[in-house]
Amino acid sequence: MLDDKVISSPGVQPSMCQSGGGASTSIYGSFTQATATDLAVLIKGGALPVKVEIVEQRTVGPTLGKVAIDASIEAAIIGIVLTGLFIMFVYRLVGFLATIALGTYALLAYGMLVWLGATLTLPGLAGFVLAIGLAIDANVLVFERAREEYAERSAAGLEPALTTGFNKAWSAIIDSNVTTLLAAALLFFFASGPVKGFGVTLSIGVVASMVSALVIARVLCEFAVKRAFVRKRPGISGLAGTGRIRKWLTESGPDLMKRSGTWIVITLVVAVVSIGGIAIRGLNLGVEFTGGRLLEYSTSKAIDPEKAREVVSDAGFPSAVVQSSSGQEGRENITVRLDKITDDEAVEIQEALAAAAGDVEKERDELIGPSLGKELRDKAIIAFVIAALAQMLYLAWRFRWTYALSAVLSMSSVVLTVVGVFAWWGKPIDGVFLAAVLSIIGLAVNDTIVVFDRIREHTRENRHPSAA
């Protein structure tokens, strides 16, 4: 076999021992000199003396893997249930129907992941959860616009109000989802590793969320408001009235823009502090971006981090970074991060910890080569920059370049704050951190677009009052 293709499938003579060790065999058949030479060259090509180097190796213990799966499923279920309860409490009947549509989103997204054969990672799960927020945001926009329409033209009934709500919220929903898909696609094509996985699941989630929010939820809600029982009792629909919270915000809520200068000064101060943390403390880049080996053990006895560092140092690894955290079922988790080491040296560390902390079980073992770590780091940065520029260009096209610039600056300040906090605390910046930052960016851009859409709408009304 060469490159997954059969180049020869002959009967061969049994191997015969040669003097000096080794063995030989012969291939028989109808060959010309040319075909025999070609076959010999191909066979030798499969035995080129090419050095093989492990650039990435990940081992997750069965306990940690099960815990991660259970925690992820539990978090997803709790998130969907709490979101559904909140939507039903605020929007009543249409909120209940939106929750049903949200359930179909989960099925659609999961089905698409299975169809593609995608492997769900933690950053990928973050993209899945972020899309849940996008799906609910779309329904909230529609219902709020429908409430406004019903408050102005209650005599027309619920059905026209709901239809107008979907029509008026359409532009904001499309813009927010297009920018998200744009960023997700760029992350998929230009990034690698966990960031690529985030782009895949986010793209799938966005498509599924649009189907659930704009198709399934609309069909269910329009069917409900057409029923005579609901038409005679508009209060149960959730669309009759703007709601207490919105009424309070409109009539007596805080005037945030009254002190806009103060907020800008506070933002600049936070930015300076964050940059100071990055410059003074530096970024604690994880193994994924620096290369090296990360070992995580669970111990039956509690062990102080300083004691664990001393144990690992005495075992011959003084440069190792040792951290501790609480694990499952009362066990202590010890994480050891160091440069590339052999498997035998990893066993020495485990034995040293076992002597001090009782029964020790390996939960995780990650080995990232320096070349791969640099590639992941560089591609992640490039993907972030290109995604931000692409979103800026789209927003400039759909709104104004000043809007686009302000959106990117606002998003950058949020990301800088999070990075600065992690720098001051010395927390690791790894794939999990990237997933969180990508989620923050997605939500920040989505909220900004919603505000821009309303500004654009009111600007048009002020320019053409007769059309309004």
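Residues numbered from 1 in each chain as written. Predicted model: local features only at pLDDT ≥ 70, side-chain atom pairs only at ≥ 80, totals over all residues. Heavy atoms only, no water.

**Comments concerning the overall build of the protein chain**
Part 1 of the reasoning: Within the protein chain one finds 14 helices and nine strands.
Part 2 of the reasoning: The burial tally for the protein chain puts 36% of its 468 residues in the buried class.
Part 3 of the reasoning: Accessible surface, the protein chain as shown: approximately 26,400 Å² in total, 64% of it carbon and sulfur. (Helix = DSSP H or I, 4+ residues; strand = E, 2+ residues; numbered from the N terminus. Buried < 20%, exposed > 50% of the residue type's maximum accessible area, 1.4 Å probe, protein only. Areas by Shrake-Rupley, 256 points an atom, 1.4 Å probe, with all protein chains shown as cover.)

**Notes on the pattern of salt bridges**
A side chain with one charge may pair with a side chain of the opposite charge, provided their charged atoms come close.
Part 1 of the reasoning: By the definition in use, this model includes 16 salt bridges.
Part 2 of the reasoning: The salt bridge involving Arg147 is made with Glu144; its shortest N-O contact spans 3.6 Å. Placement of the pair is Arg147 and Glu144 together in helix α3 (residues 122-152), with a separation of three residues, close to one helical turn.
Part 3 of the reasoning: Between Glu222 and Arg218 there is a salt bridge; the shortest N-O distance is 2.9 Å. Pair noted here: Glu222 and Arg218 are both in helix α5 (residues 194-225), with a separation of four residues, about one helical turn. (Salt bridge = Lys/Arg side-chain N within 4 Å of Asp/Glu carboxyl O.)

**What about the layout of surface pockets?**
Part 1 of the reasoning: As a volume, the second largest pocket reaches approximately 1,100 Å³.
Part 2 of the reasoning: Considering the residues around the second largest pocket, the lining is formed by 32 residues, among which Tyr91, Val140, Glu144, Thr242 and Arg246 are closest to the centre.
Part 3 of the reasoning: Mapped by element, the contributors of at least two residues to the lining of the second largest pocket are α2 (62-116), α3, α4 (158-190), α7 (244-252) and α14 (431-463).
Part 4 of the reasoning: Among the elements that line the lining of the second largest pocket, the one with the most residues is α14, at eight residues.
Part 5 of the reasoning: When its residues are assigned to classes, the lining of the second largest pocket shows 15 nonpolar, six polar and 11 charged. (1 Å grid on protein atoms, 1.4 Å probe; cavity = no way out; pocket = protein on both sides within 12 Å on 5 of 7 lines; lining within 4 Å. Points joined across faces, edges and corners; volume = space filled by probe spheres on them. Nonpolar A, V, L, I, M, F, W, Y, C, P; charged D, E, K, R; others polar.)

**Things to note about the nonpolar core**
Part 1 of the reasoning: By size, the foremost hydrophobic cluster in this structure holds 38 residues, and its most contacted members are Tyr105, Val142, Phe143, Leu162, Ile173 and Leu239.
Part 2 of the reasoning: If you list the elements that add at least two residues to this core, you get α2, α3, α4 and α5.
Part 3 of the reasoning: Apart from the residues within four sequence positions on either side, Val142 is in contact with Leu162, Gly165, Phe166, Ala169 and Ile173.
Part 4 of the reasoning: Counting residues in hydrophobic clusters, the runner-up holds 19 residues, among them Val312, Val336, Ala352 and Ala357. (Core = buried A, V, L, I, M, F, W, Y, C linked by side-chain atoms within 4.5 Å. Contact = heavy atoms within 4.5 Å.)

**Comments concerning the packing of helix α10 (residues 305-314) against helix α11 (residues 343-357)**
Part 1 of the reasoning: At a minimum axis separation of 9 Å, α10 and α11 run at an interaxial angle of 135°. Taken together, the axes of α10 and α11 are oblique relative to one another. Both α10 and α11 take part in a crossing whose hand is right-handed. Residues Ala308, Val311 and Val312 of α10 pack against Ile349, Ala352, Leu353 and Ala356 of α11. (Axes fitted to C-alpha atoms, helices over the stretch in contact; angles between N-to-C directions. Parallel < 35°, antiparallel > 145°, perpendicular 65-115°, else oblique. Left-handed = near helix turned anticlockwise from the far one by under 90°.)

**Structural notes on the packing of aromatic side chains**
Part 1 of the reasoning: Following the criterion strictly, the structure yields five aromatic pairs and no others.
Part 2 of the reasoning: Here the aromatic rings of Tyr403 and Phe452 are separated by 4.9 Å at their centres, their planes lie at 35°, and the arrangement is tilted. Highlighted residues: Tyr403 in helix α13 (residues 401-425) and Phe452 in helix α14, separated in sequence by 49 residues. Pair check on accessibility: Tyr403 and Phe452 agree, each one buried.
Part 3 of the reasoning: Geometry around Phe223 places Arg227 over its ring, the cationic atom sitting 4.2 Å from the centre. (Phe/Tyr/Trp six-rings, centres within 6.5 Å; stacked < 30°, edge-to-face > 60°. Lys NZ or Arg CZ within 6 Å of the ring centre and 35° of its normal.)

**Observations regarding a positive patch on the surface**
Part 1 of the reasoning: Together, Arg227, Arg231, Lys232 and Arg233 give the surface a local cluster of positive charge.
Part 2 of the reasoning: Topologically, Arg227 is positioned in the loop between α5 and α6 (228-232). (Patch = residues over 30% accessible without salt bridge, like charges linked within 9 Å, V, L, I, M, F, W, Y side chains within 5 Å. Lys, Arg positive; Asp, Glu negative; His and termini not counted. Charge placed at Lys NZ, Arg CZ, Asp CG, Glu CD.)

**A short note on helix α8 (residues 260-280)**
Part 1 of the reasoning: Under the 1.5 Å per step criterion, the end-to-end length of α8 is 30 Å for 21 residues, consistent within 8% with the ideal 30 Å.
Part 2 of the reasoning: Looking only at α8, the buried set comprises Ala271, Ser274, Gly276 and Gly277.
Part 3 of the reasoning: Structurally, α8 contributes buried residues whose contacts are with α13.
Part 4 of the reasoning: The first or second residue beyond α8 is Gly282, which carries a positive phi of 80°. (Expected span 1.5 Å × (residues − 1).)

**A short note on the confidence of the model for the protein chain**
Part 1 of the reasoning: Across the protein chain, the average pLDDT comes to 79, with 83% of residues at 70 or higher.
Part 2 of the reasoning: The element-level mean pLDDT for the protein chain is lowest in strand β1 (residues 16-17), coming to 48, with α8 highest at 92.
Part 3 of the reasoning: In this model residues 16-21 is a low-confidence stretch, pLDDT under 50, and it forms six contacts with partners more than four residues away in sequence or in other chains. (pLDDT = per-residue confidence, 0-100.)

**Notes on the environment of Trp425**
Part 1 of the reasoning: You can see Trp425 is positioned in helix α13.
Part 2 of the reasoning: For the pair Trp425 and Leu283, spaced 142 residues apart in the sequence, the C-alpha separation amounts to 9.7 Å.

**Description of unusual backbone geometry**
Part 1 of the reasoning: The phi dihedral of Arg92 falls on the positive side, at around 55°, and the residue is not glycine.
Part 2 of the reasoning: Its place among the elements puts Arg92 in helix α2.
Part 3 of the reasoning: Taking the relative accessible area as the measure of exposure, Arg92 reaches 48% and is therefore partly exposed.

**Regarding the side chain of Arg145**
Part 1 of the reasoning: With respect to the element layout, Arg145 can be found in helix α3.
Part 2 of the reasoning: Look past the residues within four positions of Arg145 in its chain and what remains in contact with it is Gly165, Lys168, Ala169, Asp453, Arg454 and Glu457.

**Here's the deal with the packing of α8 against α13**
A pair of packed helices is characterised by two quantities: the angle between their axes and the separation of those axes.
Part 1 of the reasoning: Interhelical geometry of α8 versus α13 gives an angle of 45° and a closest axis separation of 8 Å. Here α8 is positioned oblique relative to α13, judged by the angle of their axes. Along this stretch, α8 crosses α13, giving a crossing that reads as left-handed. Residue-level contacts link Thr267, Val270, Ala271, Val273, Ser274, Ile275, Gly276, Gly277, Ile278 and Ile280 of α8 to Ser413, Leu416, Thr417, Val419, Gly420, Ala423 and Trp424 of α13.
Part 2 of the reasoning: The residue makeup of the contact of α8 with α13, split by class, is 10 nonpolar, seven polar and no charged.

**Description of α11**
Part 1 of the reasoning: Taking 1.5 Å of rise per residue, the 15 residues of α11 would be expected to cover 21 Å, and the 21 Å separating its terminal C-alpha atoms lies within 8% of that figure.
Part 2 of the reasoning: Ala346, Ile349, Ala352, Leu353 and Ala357 are the residues of α11 that are buried. Relative to the axis of α11, the buried residues are bounded by an arc of 120° and lie together on one face. Exposed and facing more than 90 degrees away from the buried side of α11 are Asp344, Glu351 and Ala355.
Part 3 of the reasoning: For α11, the secondary structure elements touched by its buried residues are β5 (292-299), α10, β7 (332-338) and β8 (360-368).
Part 4 of the reasoning: Looking one or two residues past α11, Gly358 carries a phi angle of roughly 75°, positive in sign. (Arc of directions from axis to C-beta.)

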